[in-house]
Amino acid sequence: MDLIVFYLFATLAVIAALGVVALRNPVHAALCLAVVFISLAALYVLLSAPFVAAAQVMIYAGAILILFVFVIMLLSPGVDQGAGALKWQRPLAAVFGLALAVELILVLASAVLPAARGQYTPERLAQIGDVQAIGALLFTDFLLPFEITSLLLLVAMVGVIVLAKKRVRS
Amino acid sequence: MLDRYGIVALFAVVAALFPAIALAMAWIIRPKKPNQSKLTTYECGLEFEDFPEAAQNVWVQFRVQYYIYALIFVVFDIEVVFLYPWAVAYNALGLFALVEMAIFLAILVVALAYAWRKGLLEWI
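Treat the numbers as computed from the prediction; the structure is a model and nothing was measured.

Of regular secondary structure, chain A possesses seven helices and zero strands. Secondary structure elements in chain A, listed N-terminal to C-terminal, are α-α-α-α-α-α-α. Buried residues in chain A amount to 31% of all 170 residues. Long-range pairs, those at least 24 residues apart, make up 48% of the contacts in chain A with a sequence separation of at least 6. Put simply, chain A shows about 11200 Å² of open surface, and 74% of that area lies on carbon and sulfur atoms.

Before going further, it helps to examine the confidence of the model for chain B. Note that predicted coordinates carrying low pLDDT should not be read in detail. Residues and elements named next belong to chain B. Mean pLDDT over chain B works out to 81, with 80% of the residues at or above the 70 mark. When pLDDT is averaged over each helix and strand of chain B, the minimum, 54, is found for helix α3 (residues 52–56) and the maximum, 92, for helix α1 (residues 6–29). On the interface metric, ipTM, the complex scores 0.72, and its pTM is 0.77.

Each assigned domain of chain A is listed with its residue range as follows: domain 1 (1–77) and domain 2 (128–170). On a C-alpha basis, the centres of domain 1 of chain A and domain 2 of chain A stand 23 Å from each other.

Looking now at the packing of helix α2 (residues 26–46) of chain A against helix α3 (residues 50–75) of chain A. Residues and elements named next belong to chain A. α3 packs onto α2 with a crossing angle of 170 degrees between their chain directions and a minimal axis gap of 9 Å. Classified by the interaxial angle, the pair formed by α2 and α3 is roughly antiparallel. Contacts from P26, V27, A30, L33, A34, F37, I38, L40, A41, Y44 and V45 of α2 reach α3 at V52, A53, Q56, V57, Y60, A61, L65, F68, V69, I72 and M73. Classifying every residue of the contact of α2 with α3 by side-chain character gives 21 nonpolar, one polar and no charged.

Core analysis: the largest hydrophobic core is formed by 24 residues, its most contacted members being F139, F146 and M157 of chain A together with W86, L93, M101 and F104 of chain B. Those elements that place two or more of their residues in this core are α7 (143–169) of chain A together with α4 (64–88) and α6 (95–117) of chain B. Not counting residues within four places of it along the chain, the set of residues in contact with M101 of chain B comprises F139 and F146 of chain A together with F82, L83 and W86 of chain B. Residues A63, L67 and V160 of chain A together with A70 of chain B belong to the second largest nonpolar core, which totals six residues.

If a probe the size of a water molecule is rolled over the atoms, the empty space left behind becomes visible. The volume enclosed by the largest pocket comes to roughly 740 Å³. Lining the largest pocket are 24 residues, and of these F9 and A42 of chain A together with V8, A9 and A12 of chain B sit closest to its centre. Its residues assigned to classes, the lining of the largest pocket comprises 22 nonpolar, two polar and no charged.

Take unusual backbone geometry next. The backbone phi angle of S48 of chain A is positive, close to 60 degrees, even though this residue is not glycine. Along the chain, S48 of chain A turns up in the loop between α2 and α3.

Basis of the calculations
- One numbering rule holds for all chains: residues counted from 1, following each sequence as written.
- Labels follow written order: the first chain is A, the first ligand is 1, and so on.
- Local features in this predicted model are restricted to residues of pLDDT 70 or higher, and side-chain atom pairs are both shown and tallied only at a pLDDT of 80 or more, whereas totals for entire chains, interfaces and linings draw on every residue.
- Calculated side-chain values reflect all of the structure's heavy atoms, with hydrogen atoms and water omitted.
- Helix and strand assignments follow DSSP, with helices taken as H or I runs no shorter than four residues and strands as E runs no shorter than two, numbered in order from the N terminus.
- Working definition: with a 1.4 Å probe on protein chains only, accessible area under 20% of the residue-type maximum means buried, over 50% means exposed, and in between means partly exposed.
- Contacts: residue pairs with any heavy atoms within 4.5 Å of one another.
- Using a 1.4 Å probe, the Shrake-Rupley method yields the accessible areas, and only the shown protein chains count as cover for residues.
- Per-residue confidence from the predictor is given as pLDDT, running between 0 and 100.
- Domain start and stop positions are those given by an automatic or database domain assignment.
- In this analysis, axes come from line fits to C-alpha atoms, helices being fitted only over the stretch in contact, and the angle between any two N-to-C directions falls in the range 0 to 180 degrees.
- Should an angle lie under 35 degrees it is considered roughly parallel, over 145 roughly antiparallel, and from 65 to 115 roughly perpendicular; all remaining angles are considered oblique.
- Each residue is assigned to one class: nonpolar for Ala, Val, Leu, Ile, Met, Phe, Trp, Tyr, Cys and Pro, charged for Asp, Glu, Lys and Arg, and polar for all the others, Gly among them.
- Joining through side-chain atoms within 4.5 Å is the link that ties buried Ala, Val, Leu, Ile, Met, Phe, Trp, Tyr and Cys residues into a set, and such a set is a nonpolar core.
- For each structure, a 1 Å grid was placed over the protein atoms alone; sets of points admitting a 1.4 Å probe that cannot get out are labelled cavities, open sets with protein on both sides within 12 Å along at least five of seven lines are labelled pockets, and lining residues have an atom within 4 Å of a point.
- Grid points are joined across faces, edges and corners, and a volume is the space filled by probe spheres set on the points.

Put into structure tokens, the structure is as follows:
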């Protein structure tokens, strides 16, 4: 059963990812990206990580994608403005794409990816609840990174305001 | 693990079928007498008969102000993601975590106050 669901959503994710690259209309590509994000969320559920799945839907499918769509609507009204390809774009893309594929295959062929890390095995997480485990760790071992996150968000927001303010006024 | 998500799958199927059935029902039972006004694009607050170019071309450039709202939304969306595990594990964490979350929220309220002060929450 797990395997069927995995192949269903993995296929969906790959097809939608191809759509992101291949579709000429940037808004349609962004909608394909939403399908990719939601398929990945389903795969996270299969990996016994429901909190990561929920965060994936909320942050990526909800917030990040809205930013993408807004940038598209800000920058390129109209379908495929047809700005010509850069010089050497295709051969360079092929070379770099091939290099990345070889690298990924080498890493995945040799790497060992353990499902359990320290005391947190999937069985123990199912017992105590994965959100409880994240909450407990976040406020004990990872307290400083958590607080620094809020400073990072503050800096990001102030940066946006400073950069965007000039354009709003003018 | 997965059997508990059957209800989520059922919900997704119902959500997909609901608009399809509603539109199909309307298509079956409605009388079909189209005229010029009925066929124009409808959007709340806009009269396209006054702006014919808007009805034809919806690929217009959006105002940058939408983008600021979206960015502020992202910041607070991330804040909610952190609030959620805190709320679930609240009983096990105690007062210390409450203070820590208060500091976290206070720093983000500074960001909101800055945006407010700079007048970015007003629609120009």
